[in-house]
Amino acid sequence: MLRALRRASDRRRHAEGEYGWLFHPYTGNEMVAIDCETTGLDTRTAELVSIAAVKVRDGRVLTSESLDLRLQRPASLSGDSIRIHGLRGIDLAGGDCVEAALDKLLDFIGNRPLMGWCLDFDMAIINRHLRPRFGFDLPNALIEVSQRYVRDLRRVHPEIEPNLRFEAVAKALDVPVIGRHTALGDAVTAALMYLRLEKGAMRGD
Amino acid sequence: MVDVDLSQPPFTLLDDAGRNRVRGGVDLAYFDSQEVILDAGQSGEFVFMIHKGEVAELDPTMPAAASRIGHYTAGDLFGAISILNGKSRYRFQAEQESLCYLLPKALFQRLCDDYPAFAEFFRQSLTHKARLLTERRAEGGVTMAGFMLARIGECMREPLVVDQATSIFDAVSTLNASHADSLLVCDGERFGMVTKTDLLNALVIEGLTQERPAIEVAHFELVTASAEQYLFEALVRMTRHEVARVVVVEDGKPVGVVELTDVLSFFSSRSYVVSLQVEQADSLDELARASARTPELVRALMAQGVKLRFAMGLLAALNGRIMAKAWGFAIDEAHRDASCLVVMGSEGRGEQILKTDQDNALILADGHDWPEREAQMREVTEILIRLGYPPCPGNIMVSNPEWVGSVSEWRERIARWAARRDGDSLMKLAIMLDAHAVAGQTALLDQVRDELFERCRRDEILLSYFARTALRFSTPLTLFGSLKKPQHGIDIKKGGIFPIVHGVRTLALERGVRATSTLDRLDALAEDGRLEASFAEDLGEALALFTELRLRQQLERDGEGEDANRVVVQQLSSLERDLLREALHMVKDFKQRLSQRFHLEYS
């Protein structure tokens with residue numbers, strides 16, 4: 001509700017601006033799977049380390065048309081998060097600044113619907129950086145893959161309490177986990193999960 | 001960029017930049033079970049690389065049972081041929097849910113343009129693929145593969161021919177002038193070989209003067225070869241005849257000489273070193289040491305990608321020499337001249353690369369008196385065990401009096417076996433058919449074999465019984481023509497090697513072919529017209545493939561031969577799997593022919 005209101009106001013303010021086209025309804029057949037690695041799990045303080053996006057079209061994950069961005073080293077980059085995503089400060093040398101990275105990201109995703117695993121978390125962080133710089137939140141339609149999974153699973157096996165760990169779901173859907181905890185790898189895996197769900201992986205059996 | 005496993009051919013034919021282009025250019029796609037990925041007649045837009053799942057290649061014009069052509073699993077590639085041909089000839093259908101990498105047509109074509117070796121890979125037929133695999137195994141040794149394919153003509157030197165009036169003095173000057181080790185003396189139409197050693201012996205030991213004609217010390221029994229033969233065969237010949245040079249003859253005239261040093265400059269492997277050790281051994285211990293080095297030699301030859309047929313030839317010659325030498329140590333000369341030691345089974349066929357067991361027998365001349373024979377034969381068996389030939393579990397050894405006998409005794413035995421034709425007798429006939437003389441009077445074996453052929457080759461009922469054994473084990477193919485994949489692997493000896501060897505043996509018996517090696521028999525049968533040349537060649541290739549697979553496992557397991565016949569299909573690369581399947585189809589085909597020829601359909 002709040003999001004819808006905010007989007008309506010964003011849209012009105014940016015309708016004539018440089019990014020007005022982002023607010024048009026999407027008519028194509030592509031979607032974008034998105035994932036980011038951050039310095040922490042708190043959406044209020046975590047900084048972006050890398051962002052990846054990959055297009056999905058006609059039941060195919062277009063890894064050849066993917067975006068894999070590394071950002072400049074944020075001040076809060078610490079050992080704890082490096083242990084997870086494996087990007088050290090030195091790996092981020094030569095990365096984009098946040099503004100340039102977000103600009104590239106907006107260019108890449110356009111007004112296509114977005115999908116991802118725990119998309120809310122990624123959206124919260126991206127929007128936190130996006131709003132002060134561009135003045136709007138991402139207006140795209142969102143598809144939460146974990147929710148799709150829960151929905152499909154409930155329909156077939158209402159009695160099962162879904163195990164929503166990323167690896168467990170990947171296993172249940174028979175999707176190989178590609179490069180866990182790299183932004184692109186997680187985005188591709190989430191896209192594959194979505195394709196499996198679309199083809200009725202849960203409904204079939 | 002996605003993590004794609006590009007460590008298998010054909011991607012190994014690309015460099016790092018090329019592989020990165022593949023990584024950057026591939027997409028991912030999911031296909032449901034039974035979904036048609038690429039239909040017949042459709043133009044190919046992608047090369048598909050299976051990450052997970054199974055895909056079947058179907059010929060939709062065929063009835064359902066026979067339509068299955070190919071089967072692809074994780075790591076396999078398909079669709080490339082469709083791109084090269086413009087459209088797909090067959091239908092590719094997912095058998096399970098499959099995740100594939102898609103390499104777009106445009107990128108694939110650009111890669112083909114930029115990397116000719118990569119493009120070539122897809123244009124290869126199956127036999128070419130097999131060769132590629134062999135060459136790949138010759139780690140960094142393209143030169144080695146080149147050597148195996150080199151003909152004698154490429155390595156021979158001009159013969160140094162002098163006339164019969166040449167004196168020893170002139171001969172030595174000629175040799176020095178041309179830095180050669182040997183020359184040929186021509187005496188009208190005959191040619192004789194004179195080596196430096198001969199000249200030295202003539203001058204020093206026999207005390208001839210320098211003015212005497214060189215022809216007096218020449219050898220006229222030349223070891224010859226033709227220029228078209230493989231260089232490797234020259235080496236085999238040198239090993240077998242214990243000489244250091246082979247004369248290349250064309251139309252009865254010498255056109256060149258291949259010196260051992262020339263071959264060695266090509267071939268710096270250990271084969272000559274081992275055979276030299278065998279020849280120089282003058283005690284059993286030394287012989288045992290030389291004999292212990294043969295597995296190492298096999299390993300080296302395999303690593304260099306030597307064609308199995310030639311490796312087998314070399315090893316058979318070497319094993320023969322070792323046995324003859326051991327025989328010479330153990331038995332008096334008087335007895336040696338009146339007897340013949342024969343090896344049988346795989347050794348007799350020259351197909352035993354590693355020493356698995358000793359199958360041997362003794363043929364004595366009629367009326368030869370040898371009282372202490374039994375004790376000496378036991379000794380021979382012991383010696384061979386010491387040399388690394390394990391005893392035969394079936395007790396087919398000279399220490400067993402059943403496998404020792406005079407020519408007339410052997411004839412009686414053969415007559416008895418042929419009349420009885422029960423399992424045991426048929427097996428003994430088969431063993432005897434593969435007999436090959438390694439020491440003593442080879443003529444004795446010929447007499448026994450004459451009897452064998454005479455008695456058996458026209459006996460249709462016997463032949464039919466004989467052939468039936470070849471069908472005893474089923475071919476490990478499924479109803480749909482793909483490989484069976486049991487967990488414990490398929491038995492390649494029962495499923496592949498045995499039917500070919502025994503079937504070919506049967507045909508050889510029928511046609512009176514005297515060669516003992518299966519490959520030679522195939523050649524002879526093709527020449528005889530019993531088999532089409534192409535079919536014979538394919539069978540030979542199939543046999544070589546099975547033997548090679550088995551040999552590799554034997555080498556890996558280092559002699560613990562229990563399971564070496566079991567090949568676990570899942571562990572093979574896709575290319576090897578393809579070859580194995582093709583080869584097993586050849587076996588199936590051959591069995592069908594056998595059952596038609598010998599009327600085994602209902603037995």
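What you are looking at is a predicted structure, and each value in this text was computed from that prediction instead of being measured.

Colleague: Just checking my understanding: could you explain the overall build of chain B for this structure?
Modeller: Counting its secondary structure elements, chain B contains 25 helices and 20 strands. Counting only residues that meet the buried cut, chain B has 39% of its 603 residues in that class. Long-range contacts, defined as pairs at least 24 residues apart, comprise 70% of the intrachain contacts of chain B with a sequence gap of at least 6.

Colleague: Where do I start with the sheet that holds strand E17 (residues 404-406) of chain B in this structure?
Modeller: In a beta sheet, neighbouring strands pair by backbone hydrogen bonds and run either parallel or antiparallel. All names here are of chain B. The mixed open sheet is built from 4 strands, whose spatial order is E17-E16-E15-E18. Strands at the two margins of the open sheet, each flanked by one partner only, are E17 and strand E18 (436-440). Each neighbouring strand pair of the sheet contributes to a mean axis angle of 30 degrees, computed without reference to strand direction. As defined by bridge partners, strand E15 (residues 339-343) adjoins E18 across 4 bridges and the pair is classed as antiparallel. When the bridges of E18 are listed, Cys340 appears paired with Gly440. Helix-sheet contacts for helix H18 (residues 407-420) involve strand E16 (360-364) and E17, and the interaxial angle to E17 is about 110 degrees. Each of E15, E16 and E18 touches helix H20 (residues 442-456); the most contacted strand, E15, lies at about 70 degrees to it.

Colleague: Even after reading the chapter, I still don't get the nonpolar core, so can you show me in this structure?
Modeller: A general trend in soluble globular proteins is that nonpolar side chains are found buried together. Val342 and Ile363 of chain B are the most contacted members of the largest nonpolar core, which totals 122 residues. Among the elements that take part in this core, helix H14 (residues 308-330) of chain B stands out by supplying 12 residues, more than any other. When neighbours within four sequence positions are excluded, Val342 of chain B is seen to be in contact with Asn360, Ala361, Ile363, Ala435, His436, Ala437, Val438 and Leu445 of chain B. Grouped together as the second largest cluster of nonpolar side chains are 81 residues, Tyr149 and Ala191 of chain A together with Phe48 and Leu77 of chain B included.

Colleague: How should I be thinking about helix H1 (residues 2-14) of chain A in this particular structure?
Modeller: Along an α-helix, residues three or four apart share an orientation, since each turn contains 3.6 residues. For H1 of chain A, which comprises 13 residues, the first-to-last C-alpha distance of 18 Å matches the rise-based estimate of 18 Å (1.5 Å per residue) to within 8%. By the criterion of burial, H1 of chain A is predominantly exposed, with just 1 of the 13 residues buried.

Colleague: Help me understand the interface of chain A and chain B, please; the structure alone is not making it clear to me.
Modeller: When the parts come together, some accessible area is lost, and that loss is often what is quoted as the size of the interface. At the junction of the two partners, chain A supplies 15 residues and chain B supplies 15 residues. At the level of secondary structure, the elements contributing two or more residues to the side of chain A that touches chain B comprise strand E3 (60-70) and helix H7 (183-198) of chain A. Looking at which element gives the most residues to the side of chain A that touches chain B, the answer is E3 of chain A, with 5 residues. Grouping the constituent residues of the side of chain A that touches chain B by class yields 7 nonpolar, 4 polar and 4 charged. Summarising the sheet, E3 of chain A and strand E1 (residues 27-31) of chain B pair through 2 bridges and their orientation is antiparallel. Residue Arg60 of chain A lies in a different strand from E1 of chain B, and its bridge partner there is Ala29 of chain B.

Colleague: Mind showing me how you'd approach helix H5 (residues 145-156) of chain A here?
Modeller: Residues and elements named next belong to chain A. Taking 1.5 Å as the rise per residue, H5 with 12 residues should run 16 Å; its terminal C-alpha atoms sit 17 Å apart, in good agreement. Taken together, the buried positions of H5 are occupied by Val145, Tyr149 and Leu153. On an axial view of H5, the arc spanned by its buried residues comes to 70 degrees, and they lie on one face.

Colleague: Is there a simple way to explain the environment of Leu142 of chain A in this structure?
Modeller: Residues and elements named next belong to chain A. Relative to the elements of secondary structure, Leu142 occurs in strand E5 (residues 142-144). Classification of Leu142 as partly exposed rests on a count of 16 C-beta atoms within 10 Å. Sequence separation between Leu142 and Arg112 is 30 residues; the distance between their C-alpha atoms is 9.3 Å. In contact with Leu142, not counting residues within four places along its chain, are Leu114, Leu119 and Met123.

Colleague: I keep staring at the packing of helix H21 (residues 460-468) of chain B against helix H22 (residues 492-511) of chain B and nothing clicks. Help me out?
Modeller: Relative orientation and spacing of two packed helices are given, respectively, by the angle between their axes and the distance between those axes. All names here are of chain B. Here H21 crosses H22 at 165 degrees, and the two axes come no closer than 9 Å. Judged by the angle between their axes, H21 and H22 are roughly antiparallel. Crossing of H21 against H22: the hand is right-handed. Here H21 contributes Leu463, Phe466 and Ala467 to the contact with H22, which in turn contributes Thr506, Leu509 and Glu510. Tallied by class, residues from the contact of H21 with H22 come to 4 nonpolar, 1 polar and 1 charged.

Colleague: Looking at this structure, how should I read the pairing of strand E2 (residues 48-57) of chain A?
Modeller: The two faces of a sheet get side chains in turn, since along a regular strand they alternate between them. Residues and elements named next belong to chain A. Counting buried residues along E2, 9 of its 10 residues qualify, which places the element largely inside the surrounding structure. Judged from the 9 bridges that link them, strand E1 (residues 30-38) and E2 form a sheet pairing that is antiparallel. Within E2, the residue paired with Glu37 across the bridge is Ser50. Alignment of E2 against E3, held across 8 bridges, turns out to be antiparallel. Bridging from a neighbouring strand, Ala53 pairs with Leu67 of E3. Counted along the chain from E2 to the antiparallel partner E3, the turn is 2 residues long, and its residue Asp58 has a positive phi close to 50 degrees.

Colleague: Please clarify how the environment of Phe108 of chain A should be interpreted in this entry.
Modeller: Residues and elements named next belong to chain A. Along the chain, the position of Phe108 falls in helix H3 (residues 98-109). Along the chain, Phe108 and Leu67 lie 41 residues apart, while their C-alpha atoms are 7.5 Å from each other. When near neighbours in sequence (up to four residues on either side) are disregarded, Phe108 contacts Ala53 and Leu67.

Colleague: Sorry, what's going on with the packing of helix H12 (residues 284-292) of chain B against H14 of chain B here?
Modeller: Residue and element names in this part refer to chain B. In contact at an axis separation of 11 Å, H12 and H14 are set at 165 degrees when each is read in the N-to-C sense. Between H12 and H14, the angle is such that the two are roughly antiparallel. When you trace H12 past H14, the crossing you get is left-handed. Contact with H12, carried on its side by Leu284, Leu287 and Ser291, involves Ile322, Lys325, Ala326 and Phe329 of H14 and no other residues of that element. Of the residues that constitute the contact of H12 with H14, the class distribution is 5 nonpolar, 1 polar and 1 charged.

Colleague: What's the story with the sheet that holds strand E10 (residues 182-187) of chain B in this structure? I'm lost.
Modeller: Residues and elements named next belong to chain B. A sheet is described by the order of its strands in space; here 3 strands give the open sequence E9-E10-E11, paired in mixed fashion. In this open sheet, the two edge strands, each paired with only one partner strand, are strand E9 (161-163) and strand E11 (190-195). Averaged over all neighbouring strand pairs, the angle between strand axes comes to 35 degrees, with direction disregarded. Here 6 bridges tie E10 to E11, and the two strands are oriented antiparallel to one another. Within E11, the position partnered with Cys186 by the bridge is Phe191. On the sheet, helix H7 (residues 168-178) packs against E9, E10 and E11 and is oriented at approximately 135 degrees with respect to E10.

Reading the values: the criteria
- Residues numbered from 1 in each chain as written.
- Chains lettered and ligands numbered in written order.
- Predicted model: local features only at pLDDT ≥ 70, side-chain atom pairs only at ≥ 80, totals over all residues.
- Helix = DSSP H or I, 4+ residues; strand = E, 2+ residues; numbered from the N terminus.
- Buried ≥ 20, exposed ≤ 12 C-beta atoms within 10 Å, placed from the backbone.
- Contact = placed C-beta atoms within 7 Å.
- Pairing = 2+ DSSP bridges.
- Axes fitted to C-alpha atoms, helices over the stretch in contact; angles between N-to-C directions.
- Core = buried A, V, L, I, M, F, W, Y, C linked by C-beta atoms within 7 Å.
- Expected span 1.5 Å × (residues − 1).
- Nonpolar A, V, L, I, M, F, W, Y, C, P; charged D, E, K, R; others polar.
- Arc of directions from axis to C-beta.
- Parallel < 35°, antiparallel > 145°, perpendicular 65-115°, else oblique.
- Left-handed = near helix turned anticlockwise from the far one by under 90°.

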